[in-house]
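# Geometric and topological summary
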Amino acid sequence: MAVITPRQRASWTTANFVVIALAMIPVLWLLSLSFKTPAAVLDPSFWPAQWTWGNYSGILTSSQFLRPLVNSIGIGIISTVIAVVLASMAAYAIARLRFPGKTVLIGMALLIAMFPLIALVTPLFTIERALGLFNTWPGLIIPYVAFGLPLGIYTLSAFFREIPWELEKAAKMDGATPFQAFIRVIAPLATPGMVTTAILVFLACWNDFLLAISFTSTIDSRTAPAAMQYFSGGSVFTVPTGPIAAAAVVITIPIIIFVLFFQRRIVAGLTSGAVKG
Amino acid sequence: MIDDGSGTVASARRARWRGMPRSLRGTAPPGRTRGPRWRLAIAAGSAVLAAAALSACGAASAGGPVTLNFYLYPDTSVATQTAVANCSKQSNGQYTISYQQLPQGSDGQRQQLVRRLAAHDGSIDIMGLDVTWEAEFAQAGWIEPWTGSYLAQAQADTIKPALETAMWNGKLYAVPDNTNTQLLWYRSDLVPTPPATWSEMIADAEQLAKAGKPHYIEIQGAQYEGATVWFNTMVNSAGGSILNANATSPTLGAPAVQALSIMKQLASSPAADPSLSVQMENQNRLAMEAGTAAFELNYPFVYPAMKADNPQLFKSFKWAPYPSVTAGVPAKVTIGGIDLAVSGYSKHQNLAFQAALCLRDAQNQLTAANVGGVPPTIASLYNNPALFANYPFHADILQALQNASVRPKAPVYQVVSIDISHLISPPRGIDPTGTVASMAGQITNALQSKGLVP
Amino acid sequence: MSTTTQAVPGTEAVGPSKKKVKPQLTEGQRAERRLGLLLCAPAVVVMIAVTAYPVGYAIFLSLERYNLALPQATKFIGFGNYGAVLSSPYWWHALLVTVIITVFSVAITLVLGMLLAMVLHRTPFGRGTVRTASLIPYGIVTVAAAYSWQYAWTPGQGYLSSIFNNSAPLTSQTEAIIVIIIAEIWKTTPFMGLLLLAGLSLVPEDLQKAARVDGASGWQRFTRITLPLMKPAILVALLFRTLDSFRIFDNIFILTSGNNGTGAVSNLGYDNLFSALNLGIGSTISILIFICVAIIAVIFILGFGTAAPGSDLGKR
């Protein structure tokens, strides 16, 4: 590694600091708001004049928020696992195999990814009610999987395309069936891609607001972003800034931890796919 | 929902691997096979099914008392829980009321209810409706009319305008639970005698501005329902109305022009808070508590809030009736509040009527008034000393309520309200005659279900 | 499962010189097709089951006059809704707002993303921290971030409110749109940065070194070597970012509710669907949004030559 001059060190430190500051300031603001008392919310200073844990104790002792948090995590994980499994299979087929209807499949995935969700909410709601899925975990998991599949298929087909054909051919020459070739040779190499896809799909489910608020009615299946809509202040007119900020921080913390552990994977995953020359 | 596409694209023809070492071919790759993943998927699938089964189990009915689902905004006070517990007990085992929360915002509440009622959801029994929703819900058949003895009980001792909000096509579709109306709140240290009309109030404020004292007039000017409420109050106080009696066309006219002139006058005077066009009830309250304002037109929730947040200022925090438009003619303040309705798809309508009547009886309304800060709809409560401690302004409220105006009643009220609020907010953009003309045109379209909402 | 017979090398259509030989399918090819269809089946089934009826129903609704509050007045009116929407100033205004937000936020995100990619690529220390910090805007729930911005810009309450002289930027159209664009840029730069980083990391160091030896300046190296080699990555990043930005909803919903002329087309659709309960008009707006998005995709793929995923099989 080349020697870094003090001047270079200074400029890289500045660059790093700028990136970190710009990324974190709005998050720090939320943090600061979450510690402000209702009176301190009034003053525009960045840090609270009066600190309180009240907002956090309020939401963390209330099942009205804890249960939605659990729902978010559970629904997110289950949807991600199912979506990645299904997407892997389909992406492998797209990237590797020849079969009719491939363009149709890709077109359908594109259509689903591009169609405005707002128009689909009402008919989907009607179906879910008819099937008894309203306000249940599967009621959110199934749409999340369906809407996460296009994303998953694209990402994974890019990764699968990356893996050289020779490996599979060699495995087949050694007598493996396509299935065995997939499991023993391809899948391990596609793991970074699968992890990346899993992360992307999980974040999309975690983030969703419209479906969460439309397909749930009680904390049985309501997720965290929707739960924030149910916080109330001292009166019908008071906006509970403190609790909302505290809730926003709480639903961000898992993401921060997540990113902290997986940042290598995320970046490695996205950069292992090379660009088409 | 999927708000980020991924998209690294395919392989480079350059970055070709030279193949895996022979030693690795055909052997199990270190530590990773598809096996665990498949098992995980099956486990996940079972978990899903189990969760679904469990949630279905929870809903299975026992042989005991009927559960009535009561949907209301989230009440942070114990008033609702107390009422629910009381009424479940008083039913003598016939029913238990289950309090289900709706989102905090009024729009969110309506969307939840509408979505489920339009799908004929039978799991809603009693709902707390905002006073503007009855026409819409009744026209669509989502709520049941009150008849017979239930009707008589609902009407007894209830404040007339509150009852009026729940009427549609001559029938009563809900029973008023709580109500709300605005008063003029002012700083007695700045203004010894409160103004009686809008012109006086604006003049007072301008004088205070010249003297360099706090002088803002706080009112809700954001582009939302609160602005429509303000406009409705002004038009009715000027002697007019927004819609005609059977909601077939807009009336507006000269009273509307007068109302808009006053609103415009406020917006262009130094008395207007610079944030007027973004303010809702809460921001008005905060500005008053911060000491920058001299007058405030707001609901009584500001009184206990000021007491708690700024005890110093609270000493000179007084109230008066809402200023009138024409001297000598009292203002007709728009009435708000919540009415309880029975769902048209409820499986226990009889019990639901009884439960609703209990939930809003005098005792429960008194608790809600004292603990929850929402004024009652039963007239005799305003003479009940138990109310006076928390409502020193009870006489002014009762007077305002009895002379109140309601918002226009039409199934398409939401659209009408959006059209109005978008025309009058920000208030500095009002042009009295021009705005009235646009408003009349848009409301006409809305009543015929034509055109878009902004 | 039957094992495929050993394919004689050369009969499979491998390699760049494949021709469309198609008289007869070999056993191997048939097995391949079966496997392909089988692997795709579950994903296809889920996608169709969930979206076929809603998409079809949405299209059907757009041809009807249907107001949830007035169910008795439902009527089939063909393209009447489309006429109403396309002749309404609200639609064109929302479209203009959407285009403005899209153009500005994507352009600025591209520049900032490139800068971020370079920092991530080259910084000699603290890489983990910088990466984590820069991924947080991407990971944070959009609604939570929007609340953060909303409170920040509220006069008298937020640390940013004094920038616009306490004039309530969220209620003035131009200022509110600027605030919305800032919120969008903050949220999406990390993802753009990562996509660009993928492209950046493939630019060979040797080319850069050779150019430096030849005396090229940093800027020349950037514009003559890096950018051209990154072009495919840039195009893909632009495509997906533009598609998503066009459908912006959450940020506007929380920040301004679309008031004061700041609503994008998705907000317009939402208001008409859920506030006005006008399913006919709301569905029409949604279909029109979809058509616009499709046009954007077509322009990128056919016009700029962006590689659409799945458009080729890569090397075989």
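To keep things clear, this report deals only with the structure shown in the data block. (Residues numbered from 1 in each chain as written. Chains lettered and ligands numbered in written order. Predicted model: local features only at pLDDT ≥ 70, side-chain atom pairs only at ≥ 80, totals over all residues.)

## Overview of the interface of chain C and chain A
Contacts between chain C and chain A engage 84 residues on the former and 85 residues on the latter. Residue contributions to the side of chain C that touches chain A peak at 19 residues, all from helix H1 (residues 27-61) of chain C. Per-class residue counts for the side of chain C that touches chain A are 52 nonpolar, 25 polar and seven charged. (Contact = placed C-beta atoms within 7 Å. Helix = DSSP H or I, 4+ residues; strand = E, 2+ residues; numbered from the N terminus. Nonpolar A, V, L, I, M, F, W, Y, C, P; charged D, E, K, R; others polar.)

## Remarks on the nonpolar core
Counting residues in hydrophobic clusters, the biggest one holds 317 residues, and the most contacted among them are Ala90 and Leu149 of chain A, Ala355 of chain B together with Leu196 of chain C. Residues lining this core come from more than one domain, with at least three contributed by each of domain 1 (66-180 + 336-402) and domain 2 (183-334 + 412-447) of chain B. (Core = buried A, V, L, I, M, F, W, Y, C linked by C-beta atoms within 7 Å. Buried ≥ 20, exposed ≤ 12 C-beta atoms within 10 Å, placed from the backbone. Domains from an automatic or database assignment.)

## Quick word on the sheet that holds strand S8 (residues 216-218) of chain B
Residues and elements named next belong to chain B. With mixed pairing, the four strands of this open sheet are ordered in space as S8-S9-S7-S10. Each end of this open sheet is capped by a strand with a single partner; those strands are S8 and strand S10 (317-320). Neighbour-to-neighbour, the strand axes of the sheet open up by a mean angle of 20°, direction not taken into account. Strand direction decides the pairing type here: strand S7 (residues 183-187) and strand S9 (residues 293-298), joined by four bridges, are antiparallel. Among the inter-strand pairings, tryptophan 185 is bridged to a residue of S9, identified as glutamate 296. Lying on the sheet, helix H7 (residues 198-210) is in contact with S8 and S9; it crosses S9 at an angle near 150°. (Pairing = 2+ DSSP bridges. Axes fitted to C-alpha atoms, helices over the stretch in contact; angles between N-to-C directions.)

## Some details on the sheet that holds strand S3 (residues 126-130) of chain B
Residues and elements named next belong to chain B. Within the open sheet, the five strands sit side by side as S2-S1-S3-S11-S6. Their pairing is mixed. Only two strands of the sheet have a single partner each, and these edge strands are strand S2 (95-101) and strand S6 (175-180). Each neighbouring strand pair of the sheet contributes to a mean axis angle of 20°, computed without reference to strand direction. Where strand S1 (residues 66-72) lies against S3, two bridges are found, and the strand directions are parallel. The partner of tyrosine 71 across the bridge, within S3, is methionine 127.

## Section: the environment of leucine 38 of chain C
Residues and elements named next belong to chain C. For leucine 38, the position within the fold is in helix H1. We classify leucine 38 as partly exposed; it has 13 C-beta atoms within 10 Å. Sequence separation of leucine 38 and leucine 112 is 74 residues, and the distance between their C-alpha atoms is 43 Å.

## Description of the environment of asparagine 81 of chain C
Residues and elements named next belong to chain C. As for its position among the elements, asparagine 81 is in helix H2 (residues 80-86). Distance from asparagine 81 to serine 62, taken between C-alpha atoms, is 6.6 Å for residues 19 residues apart in sequence. Setting aside its immediate chain neighbours within four residues, asparagine 81 contacts Ser62, Gly280, Ile281 and Thr284.

## Here we look at the packing of helix H6 (residues 137-162) of chain A against H1 of chain C
Put simply, H6 of chain A and H1 of chain C touch, their axes get as near as 9 Å, and they point 125° apart. With respect to each other, H6 of chain A and H1 of chain C are oriented oblique. Along this stretch, H6 of chain A crosses H1 of chain C, giving a crossing that reads as left-handed. For the pair H6 of chain A and H1 of chain C, contact is made by Ile142, Pro143, Val145, Ala146, Leu149 and Ile153 of chain A and by Ala43, Val46, Met47, Val50 and Thr51 of chain C, respectively. (Parallel < 35°, antiparallel > 145°, perpendicular 65-115°, else oblique. Left-handed = near helix turned anticlockwise from the far one by under 90°.)

## Topic: unusual backbone geometry
Serine 425 of chain B connects to proline 426 of chain B through a cis peptide bond whose omega is 0°. Mapped onto the secondary structure, proline 426 of chain B falls in the loop between helix H17 (413-424) and helix H18 (432-447). Despite not being glycine, aspartate 157 of chain B has its phi angle at roughly 65°, a positive value. Its location among the elements puts aspartate 157 of chain B in the loop between helix H5 (148-155) and helix H6 (160-165). Its identity is not glycine, yet serine 257 of chain C carries a phi of approximately 55°, on the positive side.

## Let's talk about the packing of helix H8 (residues 218-246) of chain C against helix H11 (residues 279-303) of chain C
All names here are of chain C. Close contact between H8 and H11 brings their axes to 10 Å; oriented N to C, the two are set at 170°. Comparing the axis directions of H8 and H11 gives the class roughly antiparallel. Side by side, H8 and H11 meet where Leu235, Leu239, Thr242, Leu243 and Phe246 of the first sit next to Cys292, Val293, Ile296, Ala297 and Phe300 of the second. Taken together, the residues that form the contact of H8 with H11 break down as nine nonpolar, one polar and no charged.

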